[in-house]
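Okay, here's what each chain looks like letter by letter:
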Amino acid sequence: MQSLKTAMMTSISEVLETMFFMSLDFDIHATLENSDIMHNDLSMACRLNFTGPFSGCLLIIVPKDLLAHMTESFMGLEQDKITAQHREGTIKELANMIAGNTFSTLNNQIEFKLAIPELIDTRTVSDQYLPTKERDVEIITETTGGLWGAKIILNDVHPND
Amino acid sequence: MTIKILIVDDSLPMRGVIKKTIKASGYAEAEFFEAENGKLALEILKNTWLDIVITDYNMPEMNGMELIKAMKQDNAFQATPVLVVTTEGSQQKVNEFLEQGAAGYIKKPFTPEAIRNKLIEILGELENAEPENSDDDLDF
């Protein structure tokens, strides 16, 4: 079985390149804790719970100005036509596509149930989801416009444990 | 003849992306209807004759699988083809969609070509079809 981290990186690449027309790079030195991504009111966060052979949640955190840029690329709309609803929908769909694609890349013979993505208060992220545990998977991606973070927090036993 | 397409997805941006992709794929004259979930889609189906329903799976109220099942149980629109466009990628789920009567399946993320090819497969080749903007090779 391909590792969860590799599957997640493959998924992020496919989603950004195919649906957002964005080139990207993975910043292996940056973390949610040491980067600017976590600056409370300047970022938007989304959580998607999942269950399956292992369960947990996927967290997506994107600075608001980068999210506006991503929404523009995703929807093909001019900045002045983009609404808060568009930005919220975009981060939710980003979470949805990354989660679904990660699990099918990991093993498409196994079924995971994905919940409906929900926005969360970024001020709760530090308390509830940090620091990153050894078995969690955190990926910081650099795209045109800045860094954003994706993190899988596992409830149960990691498949590679 | 204008074809009528219902897009069912709880994501406003995704409905917009699918609509734009379809227009760029040679269906610029299509008439679009939108619903946020299967339940609202059934309301539209009761009042409108449609050529195809394009649905997500994971939605609140009524998901895509429940929508397909409901459609197949109703004589009025059991023949309307359903194309599933979803992040659900397990083989088991794909098989279930097809067993329940989906005419096709596309996994998100998708390319404009994937949408175009599947629509042609289901609805047939378009005559005189021109992409809405042929210069940008189906990008939007």
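Small disclaimer: the values here were computed from a predicted structure and weren't measured.

Would you mind going over the environment of B:Ile5 in detail, with residue names and values included?
All names here are of chain B. With respect to the helices, strands and loops of the structure, Ile5 is situated in strand S1 (residues 4–8). The class for Ile5 is buried, based on a relative accessible area of 0%. Contacts of Ile5, omitting those with residues within four sequence positions, involve Ile22, Ala30, Glu31, Phe32, Phe33, Leu50, Ile52 and Ile54.

Lay out the nonpolar core in plain terms, naming residues and giving numbers.
By size, the foremost hydrophobic cluster in this structure holds 57 residues, and its most contacted members are A:Phe20, A:Ile60, A:Leu94, A:Trp148 and B:Ile22. With near-sequence residues (within four places) excluded, A:Ile60 lies in contact with A:Met44, A:Ala45, A:Cys46, A:Ile91, A:Leu94, A:Ala95, A:Ile98, A:Trp148, A:Gly149 and A:Ala150. If you look at the next biggest cluster of nonpolar residues, it comprises 24 residues, including B:Phe33, B:Val53, B:Tyr57 and B:Val84.

Pulling in residues and values, what's your account of the pattern of salt bridges?
Going through the model one piece at a time under the given rule, you end up with 13 salt bridges over all chains. Between B:Lys46 and B:Glu43 there is a salt bridge, and its shortest N-O distance comes to 3.5 Å. Residue B:Lys46 and its partner B:Glu43 are both found in helix H2 (residues 38–47); the two are separated by three residues, about one turn of the helix. Assessed through its relative accessible area of 42%, B:Glu43 is described here as partly exposed. Ionic pairing is found between B:Glu96 and B:Lys93, a salt bridge with its closest N-O pair at 3.8 Å. Remark: B:Lys93 and B:Glu96 occur in helix H4 (residues 91–99); sequence separation between them is three residues, near one turn of the helix. Here the residues in one salt-bridge network are A:Glu93, B:Asp9, B:Asp56 and B:Lys108, joined through shared partners.

I'd love a proper account of the interface of chain A and chain B, names of residues and values included.
Across the contact, 26 residues belong to chain A and 25 residues belong to chain B. Carbon and sulfur atoms make up 58% of the area that chain A and chain B hide from each other, which totals about 2200 Å². Counting the contacts that link chain A with chain B gives two salt bridges. Measuring nitrogen to oxygen at the nearest pair gives 2.9 Å for the salt bridge that ties A:Glu111 to B:Lys93. For the side of chain A that touches chain B, the elements supplying multiple residues, two or more each, are helix H1 (4–19), helix H2 (64–75) and helix H3 (84–106) of chain A.

Please give an account of the side chain of A:Thr71 that cites residues and values.
Looking at the secondary structure, you find A:Thr71 in helix H2. Relative accessible area serves as the criterion here: at 0%, A:Thr71 is assigned to the buried category.

Tell me about the environment of B:Gly104, and name the residues and values.
Residues and elements named next belong to chain B. Mapped onto the secondary structure, Gly104 falls in strand S5 (residues 104–107). Exposure remark for Gly104: the relative accessible area of 3% places this residue in the buried category. Placed 14 residues apart in sequence, Gly104 and Ser90 show a C-alpha to C-alpha distance of 15 Å. Among residues more than four places away in sequence, those in contact with Gly104 are Val82, Leu83, Val84, Leu98, Lys118 and Ile122.

Summarise the pairing of strand S7 (residues 146–154) of chain A; cite the residues concerned and give the values.
Residues and elements named next belong to chain A. The buried fraction of S7 is high, at seven of nine residues. Bridging between strand S3 (residues 56–63) and S7 involves six bridges; their strand directions are antiparallel. Its bridge partner being in S7, Gly56 is matched across the sheet by Leu154. Relative to S7, strand S6 (residues 137–143) runs antiparallel, the two sharing seven bridges. What sits directly across from Thr143, in S7, is Gly146. Following S6, the chain reverses through two residues before pairing antiparallel with S7; Gly145 in that reversal takes a positive phi of roughly 110°.

Thresholds, definitions, all that
- Residues numbered from 1 in each chain as written.
- Chains lettered and ligands numbered in written order.
- Predicted model: local features only at pLDDT ≥ 70, side-chain atom pairs only at ≥ 80, totals over all residues.
- Heavy atoms only, no water.
- Helix = DSSP H or I, 4+ residues; strand = E, 2+ residues; numbered from the N terminus.
- Buried < 20%, exposed > 50% of the residue type's maximum accessible area, 1.4 Å probe, protein only.
- Contact = heavy atoms within 4.5 Å.
- Core = buried A, V, L, I, M, F, W, Y, C linked by side-chain atoms within 4.5 Å.
- Salt bridge = Lys/Arg side-chain N within 4 Å of Asp/Glu carboxyl O.
- Buried area = accessible area lost by both parts, 1.4 Å probe.
- Pairing = 2+ DSSP bridges.

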